[in-house]
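# Structural description and commentary
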Amino acid sequence: MPSILENFSLKNLNTFGVEAIARWYVEINSEHDLQVLLTDAKWFDTERLVIGGGSNMLFTRDFNGLVIRVNIKGIEYVVKGTEVYLKAGGGEVWNDLVNYAVDHNFAGMENLSLIPGSVGASPIQNIGAYGVEIKDIFYECRAFEIETGTIKIFNLNDCVFSYRDSIFKTQFKGKFIITQVTYKLSTLQNINTSYGAINEELLKRQISTPSVKDISQVVSHIRISKLPDPSTIGNAGSFFKNPIIEHERFLILKSEFPDIVGFKIDETRFKLAAGWLIEQCGWKGMVFGNTGTWKNQALVIVNHGQATGLEIFNFSHKIIESVKSKFGIILDREVNII
Ligand code: EPU
(Lines give C-alpha, C1' and ligand atoms only; values in the text may rest on other atoms or scores of the structure.)
Protein backbone atom coordinates (compact mmCIF):
# COMPACT_ATOMS: atom_id res chain seq x y z
CA MET A 1 0.00 0.00 0.00
CA PRO A 2 1.47 3.39 -0.94
CA SER A 3 2.23 5.71 1.93
CA ILE A 4 -0.19 8.33 3.08
CA LEU A 5 1.39 11.72 3.50
CA GLU A 6 0.13 14.38 5.87
CA ASN A 7 -0.24 18.11 5.31
CA PHE A 8 0.86 17.77 1.71
CA SER A 9 1.17 20.79 -0.60
CA LEU A 10 -0.90 20.52 -3.78
CA LYS A 11 0.75 23.53 -5.42
CA ASN A 12 2.59 21.43 -7.99
CA LEU A 13 -0.43 19.23 -8.59
CA ASN A 14 -2.82 21.85 -9.94
CA THR A 15 -2.12 23.68 -13.19
CA PHE A 16 -3.25 27.01 -11.69
CA GLY A 17 -0.25 26.61 -9.39
CA VAL A 18 -2.14 27.87 -6.34
CA GLU A 19 -1.24 26.76 -2.85
CA ALA A 20 -3.56 24.38 -1.01
CA ILE A 21 -2.70 21.84 1.67
CA ALA A 22 -4.21 18.36 1.72
CA ARG A 23 -4.70 17.00 5.23
CA TRP A 24 -3.81 13.57 3.79
CA TYR A 25 -2.46 12.68 0.37
CA VAL A 26 -1.93 9.36 -1.35
CA GLU A 27 -0.94 8.22 -4.82
CA ILE A 28 -2.42 4.97 -5.98
CA ASN A 29 -0.78 2.84 -8.65
CA SER A 30 -3.32 0.08 -9.15
CA GLU A 31 -6.96 -0.87 -8.68
CA HIS A 32 -5.76 -3.09 -5.87
CA ASP A 33 -4.30 -0.06 -4.04
CA LEU A 34 -7.69 1.62 -4.31
CA GLN A 35 -9.45 -1.40 -2.95
CA VAL A 36 -7.14 -1.65 0.04
CA LEU A 37 -7.36 2.08 0.70
CA LEU A 38 -11.08 2.58 0.41
CA THR A 39 -12.21 -0.56 2.19
CA ASP A 40 -10.19 0.57 5.22
CA ALA A 41 -12.79 1.77 7.74
CA LYS A 42 -10.38 4.52 8.79
CA TRP A 43 -11.33 6.52 5.71
CA PHE A 44 -15.08 5.86 5.60
CA ASP A 45 -16.07 9.21 7.09
CA THR A 46 -13.26 11.24 5.61
CA GLU A 47 -13.97 13.70 2.83
CA ARG A 48 -12.19 12.51 -0.34
CA LEU A 49 -11.02 14.22 -3.46
CA VAL A 50 -9.71 12.41 -6.52
CA ILE A 51 -7.27 14.24 -8.74
CA GLY A 52 -5.58 13.40 -12.00
CA GLY A 53 -3.51 16.06 -13.75
CA GLY A 54 -5.11 18.84 -11.68
CA SER A 55 -5.78 20.73 -14.89
CA ASN A 56 -9.44 21.44 -14.35
CA MET A 57 -9.67 22.45 -10.73
CA LEU A 58 -9.27 25.54 -8.63
CA PHE A 59 -8.44 25.17 -4.96
CA THR A 60 -9.94 28.04 -2.98
CA ARG A 61 -9.10 26.44 0.37
CA ASP A 62 -7.02 23.74 2.00
CA PHE A 63 -8.57 20.30 1.73
CA ASN A 64 -9.26 18.84 5.14
CA GLY A 65 -9.60 15.27 3.91
CA LEU A 66 -7.91 12.63 1.79
CA VAL A 67 -6.65 13.59 -1.67
CA ILE A 68 -6.20 10.56 -3.91
CA ARG A 69 -4.04 10.94 -6.97
CA VAL A 70 -4.64 8.25 -9.57
CA ASN A 71 -1.30 7.20 -10.96
CA ILE A 72 -2.30 3.97 -12.70
CA LYS A 73 -0.10 3.57 -15.77
CA GLY A 74 0.04 1.34 -18.82
CA ILE A 75 -0.82 1.64 -22.50
CA GLU A 76 -1.71 -1.27 -24.78
CA TYR A 77 -3.73 -1.80 -27.94
CA VAL A 78 -5.49 -4.42 -30.02
CA VAL A 79 -6.14 -4.06 -33.75
CA LYS A 80 -9.27 -5.65 -35.24
CA GLY A 81 -9.49 -5.02 -38.96
CA THR A 82 -9.29 -1.26 -39.28
CA GLU A 83 -10.39 -0.67 -35.68
CA VAL A 84 -7.89 -0.01 -32.93
CA TYR A 85 -8.79 -0.46 -29.27
CA LEU A 86 -6.32 1.65 -27.34
CA LYS A 87 -6.36 1.08 -23.60
CA ALA A 88 -4.64 3.31 -21.05
CA GLY A 89 -4.36 3.55 -17.29
CA GLY A 90 -6.25 6.45 -15.72
CA GLY A 91 -2.97 8.00 -14.53
CA GLU A 92 -1.40 8.27 -17.97
CA VAL A 93 -0.85 11.83 -19.14
CA TRP A 94 -3.45 12.56 -21.79
CA ASN A 95 -1.05 14.11 -24.27
CA ASP A 96 1.42 11.22 -23.94
CA LEU A 97 -1.39 8.94 -25.05
CA VAL A 98 -2.23 11.22 -27.97
CA ASN A 99 1.42 11.18 -29.04
CA TYR A 100 1.47 7.41 -28.75
CA ALA A 101 -1.59 7.14 -31.02
CA VAL A 102 -0.16 9.66 -33.49
CA ASP A 103 3.19 7.86 -33.61
CA HIS A 104 1.36 4.62 -34.41
CA ASN A 105 -0.72 6.41 -37.04
CA PHE A 106 -3.98 5.60 -35.25
CA ALA A 107 -6.63 8.18 -36.15
CA GLY A 108 -9.14 9.75 -33.77
CA MET A 109 -7.27 11.61 -31.02
CA GLU A 110 -5.11 13.98 -33.01
CA ASN A 111 -7.52 16.93 -32.69
CA LEU A 112 -7.21 16.58 -28.92
CA SER A 113 -3.44 17.13 -28.94
CA LEU A 114 -1.85 19.11 -26.12
CA ILE A 115 -4.88 19.14 -23.83
CA PRO A 116 -3.50 19.06 -20.30
CA GLY A 117 -4.73 16.44 -17.84
CA SER A 118 -4.92 12.72 -17.35
CA VAL A 119 -6.57 9.84 -19.19
CA GLY A 120 -8.84 9.11 -16.23
CA ALA A 121 -10.26 12.63 -16.31
CA SER A 122 -10.91 12.61 -20.06
CA PRO A 123 -14.39 11.04 -19.95
CA ILE A 124 -15.51 12.88 -16.82
CA GLN A 125 -16.00 16.16 -18.56
CA ASN A 126 -16.00 14.76 -22.10
CA ILE A 127 -12.95 16.82 -23.04
CA GLY A 128 -13.13 18.33 -26.49
CA ALA A 129 -11.32 20.58 -28.91
CA TYR A 130 -11.21 21.40 -32.60
CA GLY A 131 -14.33 19.50 -33.59
CA VAL A 132 -13.74 16.29 -31.60
CA GLU A 133 -14.92 15.19 -28.17
CA ILE A 134 -14.07 12.12 -26.12
CA LYS A 135 -17.53 10.74 -26.88
CA ASP A 136 -16.47 10.38 -30.54
CA ILE A 137 -13.65 7.95 -29.68
CA PHE A 138 -14.75 6.46 -26.38
CA TYR A 139 -15.22 2.70 -26.21
CA GLU A 140 -15.42 1.87 -22.49
CA CYS A 141 -13.86 2.57 -19.12
CA ARG A 142 -13.22 0.72 -15.90
CA ALA A 143 -14.30 2.57 -12.78
CA PHE A 144 -13.94 1.76 -9.11
CA GLU A 145 -17.18 2.20 -7.22
CA ILE A 146 -16.32 3.70 -3.85
CA GLU A 147 -19.41 2.47 -2.03
CA THR A 148 -19.12 -1.19 -3.04
CA GLY A 149 -15.37 -1.43 -3.58
CA THR A 150 -15.93 -3.11 -6.95
CA ILE A 151 -15.01 -2.34 -10.54
CA LYS A 152 -17.77 -1.46 -13.01
CA ILE A 153 -17.49 -1.16 -16.77
CA PHE A 154 -19.11 1.83 -18.50
CA ASN A 155 -19.73 1.77 -22.24
CA LEU A 156 -20.44 4.78 -24.44
CA ASN A 157 -24.16 4.93 -23.66
CA ASP A 158 -23.65 4.42 -19.94
CA CYS A 159 -21.57 7.60 -19.75
CA VAL A 160 -24.36 9.90 -21.04
CA PHE A 161 -21.91 12.29 -22.64
CA SER A 162 -22.84 15.80 -23.65
CA TYR A 163 -20.94 19.09 -23.98
CA ARG A 164 -18.30 19.06 -21.19
CA ASP A 165 -20.50 16.68 -19.24
CA SER A 166 -21.04 13.02 -18.39
CA ILE A 167 -22.74 10.84 -15.80
CA PHE A 168 -19.56 11.13 -13.70
CA LYS A 169 -20.33 14.83 -13.19
CA THR A 170 -24.03 14.37 -12.52
CA GLN A 171 -25.72 11.24 -11.15
CA PHE A 172 -22.44 9.51 -10.22
CA LYS A 173 -20.50 12.56 -9.09
CA GLY A 174 -17.92 11.49 -6.50
CA LYS A 175 -19.08 7.88 -6.63
CA PHE A 176 -16.59 6.35 -9.07
CA ILE A 177 -12.87 6.57 -9.75
CA ILE A 178 -11.91 5.90 -13.35
CA THR A 179 -8.97 3.51 -13.46
CA GLN A 180 -8.66 2.72 -17.16
CA VAL A 181 -10.12 3.97 -20.44
CA THR A 182 -10.35 2.23 -23.82
CA TYR A 183 -10.68 4.40 -26.91
CA LYS A 184 -11.77 3.19 -30.33
CA LEU A 185 -9.46 4.57 -33.00
CA SER A 186 -8.90 3.68 -36.62
CA THR A 187 -6.06 2.67 -38.91
CA LEU A 188 -7.91 4.56 -41.66
CA GLN A 189 -6.94 8.20 -41.86
CA ASN A 190 -10.39 9.59 -40.98
CA ILE A 191 -9.32 13.18 -40.52
CA ASN A 192 -11.64 15.79 -38.98
CA THR A 193 -10.88 19.26 -40.31
CA SER A 194 -14.31 20.73 -39.58
CA TYR A 195 -12.83 23.44 -37.35
CA GLY A 196 -12.08 26.51 -39.46
CA ALA A 197 -8.74 27.30 -37.87
CA ILE A 198 -7.39 23.85 -38.80
CA ASN A 199 -8.20 24.35 -42.47
CA GLU A 200 -6.63 27.80 -42.50
CA GLU A 201 -3.42 26.45 -41.01
CA LEU A 202 -3.33 23.47 -43.40
CA LEU A 203 -3.75 25.86 -46.31
CA LYS A 204 -0.88 27.99 -45.01
CA ARG A 205 1.29 24.90 -44.82
CA GLN A 206 0.11 23.79 -48.30
CA ILE A 207 -1.05 20.42 -47.00
CA SER A 208 -3.98 19.09 -49.02
CA THR A 209 -4.19 15.51 -47.71
CA PRO A 210 -3.20 15.79 -44.06
CA SER A 211 -1.98 12.84 -42.03
CA VAL A 212 -2.79 12.20 -38.40
CA LYS A 213 0.58 13.71 -37.54
CA ASP A 214 -0.11 16.84 -39.63
CA ILE A 215 -3.36 17.44 -37.74
CA SER A 216 -1.66 16.90 -34.41
CA GLN A 217 1.02 19.42 -35.33
CA VAL A 218 -1.48 21.96 -36.64
CA VAL A 219 -3.69 21.66 -33.55
CA SER A 220 -0.65 21.96 -31.28
CA HIS A 221 0.42 25.07 -33.17
CA ILE A 222 -3.03 26.67 -32.84
CA ARG A 223 -3.23 25.85 -29.14
CA ILE A 224 0.23 27.24 -28.41
CA SER A 225 -0.62 30.47 -30.23
CA LYS A 226 -3.88 30.95 -28.31
CA LEU A 227 -3.51 29.32 -24.92
CA PRO A 228 -0.97 29.91 -22.16
CA ASP A 229 1.32 26.99 -21.27
CA PRO A 230 0.42 25.94 -17.70
CA SER A 231 4.05 25.06 -16.99
CA THR A 232 4.99 28.74 -17.31
CA ILE A 233 1.74 30.57 -16.49
CA GLY A 234 -0.84 28.96 -14.24
CA ASN A 235 -4.24 28.31 -15.84
CA ALA A 236 -6.85 25.61 -16.33
CA GLY A 237 -7.77 26.21 -19.97
CA SER A 238 -11.25 27.58 -20.54
CA PHE A 239 -12.54 28.75 -17.19
CA PHE A 240 -16.17 28.89 -18.30
CA LYS A 241 -18.32 26.78 -20.59
CA ASN A 242 -19.67 28.20 -23.80
CA PRO A 243 -23.32 28.90 -22.94
CA ILE A 244 -26.00 27.05 -24.85
CA ILE A 245 -29.15 29.07 -25.53
CA GLU A 246 -32.40 28.73 -27.43
CA HIS A 247 -32.62 29.84 -31.03
CA GLU A 248 -35.10 32.65 -30.27
CA ARG A 249 -32.87 34.05 -27.55
CA PHE A 250 -29.95 33.99 -29.95
CA LEU A 251 -31.90 35.97 -32.55
CA ILE A 252 -32.82 38.61 -29.97
CA LEU A 253 -29.18 38.95 -28.86
CA LYS A 254 -28.06 39.02 -32.48
CA SER A 255 -30.35 41.95 -33.23
CA GLU A 256 -28.85 43.91 -30.37
CA PHE A 257 -25.25 42.68 -30.87
CA PRO A 258 -24.90 41.88 -34.59
CA ASP A 259 -21.30 40.62 -34.18
CA ILE A 260 -22.13 38.11 -31.48
CA VAL A 261 -20.36 34.78 -32.09
CA GLY A 262 -22.58 31.71 -31.92
CA PHE A 263 -22.69 28.30 -33.55
CA LYS A 264 -25.82 26.39 -34.38
CA ILE A 265 -25.90 23.07 -32.50
CA ASP A 266 -29.26 21.81 -33.75
CA GLU A 267 -32.62 23.18 -34.87
CA THR A 268 -33.38 24.78 -31.52
CA ARG A 269 -30.07 25.62 -29.85
CA PHE A 270 -27.02 27.83 -30.33
CA LYS A 271 -23.69 27.72 -28.53
CA LEU A 272 -22.30 31.18 -27.77
CA ALA A 273 -18.56 31.88 -27.69
CA ALA A 274 -18.06 32.85 -24.05
CA GLY A 275 -14.65 34.29 -25.00
CA TRP A 276 -16.40 36.86 -27.19
CA LEU A 277 -18.88 37.82 -24.46
CA ILE A 278 -16.03 38.30 -21.97
CA GLU A 279 -13.93 40.26 -24.44
CA GLN A 280 -16.88 42.60 -25.16
CA CYS A 281 -17.05 43.37 -21.44
CA GLY A 282 -13.48 44.62 -21.67
CA TRP A 283 -11.76 41.81 -19.78
CA LYS A 284 -9.51 40.40 -22.49
CA GLY A 285 -5.85 40.53 -21.47
CA MET A 286 -6.73 42.49 -18.36
CA VAL A 287 -4.38 42.09 -15.38
CA PHE A 288 -6.25 42.23 -12.10
CA GLY A 289 -3.92 41.93 -9.12
CA ASN A 290 -2.24 38.55 -9.42
CA THR A 291 -4.81 37.26 -11.85
CA GLY A 292 -6.44 38.26 -15.12
CA THR A 293 -7.51 36.85 -18.47
CA TRP A 294 -5.17 35.64 -21.17
CA LYS A 295 -4.20 38.19 -23.82
CA ASN A 296 -5.11 35.87 -26.72
CA GLN A 297 -8.14 34.13 -25.24
CA ALA A 298 -10.48 35.88 -22.81
CA LEU A 299 -12.04 32.57 -21.74
CA VAL A 300 -8.83 31.60 -19.95
CA ILE A 301 -8.11 32.99 -16.48
CA VAL A 302 -4.44 33.01 -15.52
CA ASN A 303 -2.35 33.15 -12.39
CA HIS A 304 0.33 35.77 -12.87
CA GLY A 305 2.41 34.03 -10.24
CA GLN A 306 1.24 34.71 -6.73
CA ALA A 307 -2.54 34.44 -6.96
CA THR A 308 -4.51 32.52 -4.38
CA GLY A 309 -7.36 30.31 -5.48
CA LEU A 310 -9.81 32.62 -3.77
CA GLU A 311 -8.46 35.62 -5.68
CA ILE A 312 -8.97 33.76 -8.96
CA PHE A 313 -12.44 32.68 -7.90
CA ASN A 314 -13.43 36.24 -6.95
CA PHE A 315 -12.12 37.50 -10.26
CA SER A 316 -14.22 34.91 -12.11
CA HIS A 317 -17.22 36.18 -10.18
CA LYS A 318 -16.61 39.70 -11.46
CA ILE A 319 -16.57 38.37 -15.02
CA ILE A 320 -19.83 36.49 -14.47
CA GLU A 321 -21.45 39.65 -13.09
CA SER A 322 -20.41 41.85 -15.99
CA VAL A 323 -21.42 39.35 -18.70
CA LYS A 324 -24.75 38.97 -16.94
CA SER A 325 -25.40 42.68 -16.82
CA LYS A 326 -24.40 43.31 -20.46
CA PHE A 327 -25.91 40.24 -22.15
CA GLY A 328 -28.24 38.68 -19.57
CA ILE A 329 -26.25 35.46 -19.92
CA ILE A 330 -25.04 33.62 -16.83
CA LEU A 331 -21.70 31.94 -17.45
CA ASP A 332 -21.19 28.54 -15.94
CA ARG A 333 -17.72 27.65 -14.64
CA GLU A 334 -16.11 24.75 -16.42
CA VAL A 335 -13.39 24.42 -13.81
CA ASN A 336 -14.22 22.48 -10.62
CA ILE A 337 -14.11 24.73 -7.60
CA ILE A 338 -12.80 23.13 -4.42
N1 EPU B 1 -13.49 34.64 -29.15
C2 EPU B 1 -13.39 36.00 -28.97
N3 EPU B 1 -12.51 36.47 -28.02
C4 EPU B 1 -11.77 35.65 -27.28
C5 EPU B 1 -11.88 34.26 -27.45
C6 EPU B 1 -12.75 33.77 -28.40
O7 EPU B 1 -14.04 36.77 -29.63
O8 EPU B 1 -11.00 36.15 -26.44
C9 EPU B 1 -14.43 34.14 -30.17
C10 EPU B 1 -13.82 34.15 -31.56
O11 EPU B 1 -14.82 34.50 -32.46
C12 EPU B 1 -13.45 32.72 -31.80
C13 EPU B 1 -14.53 31.98 -31.02
O14 EPU B 1 -14.78 32.81 -29.88
O15 EPU B 1 -13.46 32.37 -33.15
C16 EPU B 1 -14.13 30.60 -30.57
O17 EPU B 1 -12.88 30.67 -29.90
P18 EPU B 1 -11.92 29.40 -29.80
O19 EPU B 1 -11.74 28.76 -31.13
O20 EPU B 1 -10.69 29.80 -29.07
O21 EPU B 1 -12.75 28.36 -28.95
P22 EPU B 1 -13.58 28.53 -27.60
O23 EPU B 1 -15.01 28.30 -27.92
O24 EPU B 1 -13.22 29.78 -26.90
C25 EPU B 1 -13.50 25.97 -27.08
C26 EPU B 1 -13.11 25.08 -25.94
C27 EPU B 1 -11.62 24.94 -25.84
C28 EPU B 1 -11.10 24.37 -27.15
C29 EPU B 1 -11.52 25.29 -28.30
C30 EPU B 1 -11.16 24.72 -29.64
C31 EPU B 1 -14.88 25.35 -24.29
C32 EPU B 1 -15.27 25.90 -22.95
N33 EPU B 1 -13.65 25.61 -24.69
O34 EPU B 1 -13.01 27.27 -26.77
O35 EPU B 1 -11.34 24.01 -24.81
O36 EPU B 1 -9.69 24.23 -27.13
O37 EPU B 1 -12.97 25.45 -28.29
O38 EPU B 1 -12.00 23.66 -29.97
O39 EPU B 1 -15.69 24.68 -24.93
C40 EPU B 1 -10.89 23.87 -22.47
O41 EPU B 1 -11.96 23.27 -22.36
O42 EPU B 1 -10.15 24.09 -21.48
C43 EPU B 1 -10.47 24.36 -23.78
C44 EPU B 1 -9.37 25.07 -23.95
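Anyway, here's the lowdown on the structure attached to this text. (Residues numbered from 1 in each chain as written. Predicted model: local features only at pLDDT ≥ 70, side-chain atom pairs only at ≥ 80, totals over all residues. Heavy atoms only, no water.)

### Points about the nonpolar core
Inside soluble globular proteins, nonpolar side chains tend to come together where they are buried. By size, the foremost hydrophobic cluster in this structure holds 44 residues, and its most contacted members are Phe 240, Leu 277, Ile 278, Ile 319, Ile 329 and Leu 331. With six residues, helix H7 (residues 309-327) is the largest single contributor of residues to this core. In terms of domain composition, this core takes at least three residues from each of domain 1 (4-70) and domain 3 (234-337). When residues no more than four places from it in sequence are discounted, the contact partners of Leu 331 are Phe 240, Lys 241, Pro 243, Ala 274, Leu 277, Ile 278, Ile 319, Ile 320 and Val 323. Core analysis: the next-biggest nonpolar cluster, separate from the first, contains 40 residues, Leu 86, Trp 94, Ile 178 and Val 181 among them. (Core = buried A, V, L, I, M, F, W, Y, C linked by side-chain atoms within 4.5 Å. Buried < 20%, exposed > 50% of the residue type's maximum accessible area, 1.4 Å probe, protein only. Helix = DSSP H or I, 4+ residues; strand = E, 2+ residues; numbered from the N terminus. Domains from an automatic or database assignment. Contact = heavy atoms within 4.5 Å.)

### Section: the sheet that holds strand S3 (residues 48-51)
Read across the open sheet, the four strands follow the order S1-S2-S5-S3; overall the sheet is mixed. Two strands lie at the open edges of the sheet, namely strand S1 (5-9) and S3, each paired on one side alone. Within this sheet the neighbouring strands show an average axis-to-axis angle of 40 degrees, counted without direction. Sheet topology places S3 next to strand S5 (residues 63-70); four bridges connect them, and they run parallel. Bridging from a neighbouring strand, Ile 51 pairs with Arg 69 of S5. (Pairing = 2+ DSSP bridges. Axes fitted to C-alpha atoms, helices over the stretch in contact; angles between N-to-C directions.)

### Comments concerning the pairing of strand S12 (residues 176-186)
Counted residue by residue, S12 has nine buried out of eleven residues, so it is predominantly covered. Where strand S7 (residues 83-89) and S12 come together, seven bridges link them in antiparallel fashion. Residue pairing across strands places Tyr 85 opposite Lys 184, the latter belonging to S12. Relative to S12, strand S10 (residues 138-145) is paired through seven bridges, and the arrangement is antiparallel. Bridge assignment links Phe 138 to a residue of S12, and that residue is Tyr 183.

### Details of the side chain of Asn 303
Inspection of the secondary structure assignment puts Asn 303 in strand S19 (residues 297-303). Under the relative-accessibility criterion, Asn 303 is labelled buried at 4%. There is a polar contact of 2.9 Å between the side chain of Asn 303 and the backbone oxygen of Phe 16. Beyond its immediate chain neighbours, meaning those up to four positions away, Asn 303 contacts Phe 16, Gly 17, Val 18, Ile 233, Gly 234, Asn 290 and Ile 312. (Polar contact = N/O pair within 3.5 Å; in protein donor to acceptor, adjacent residues only side chain to side chain.)

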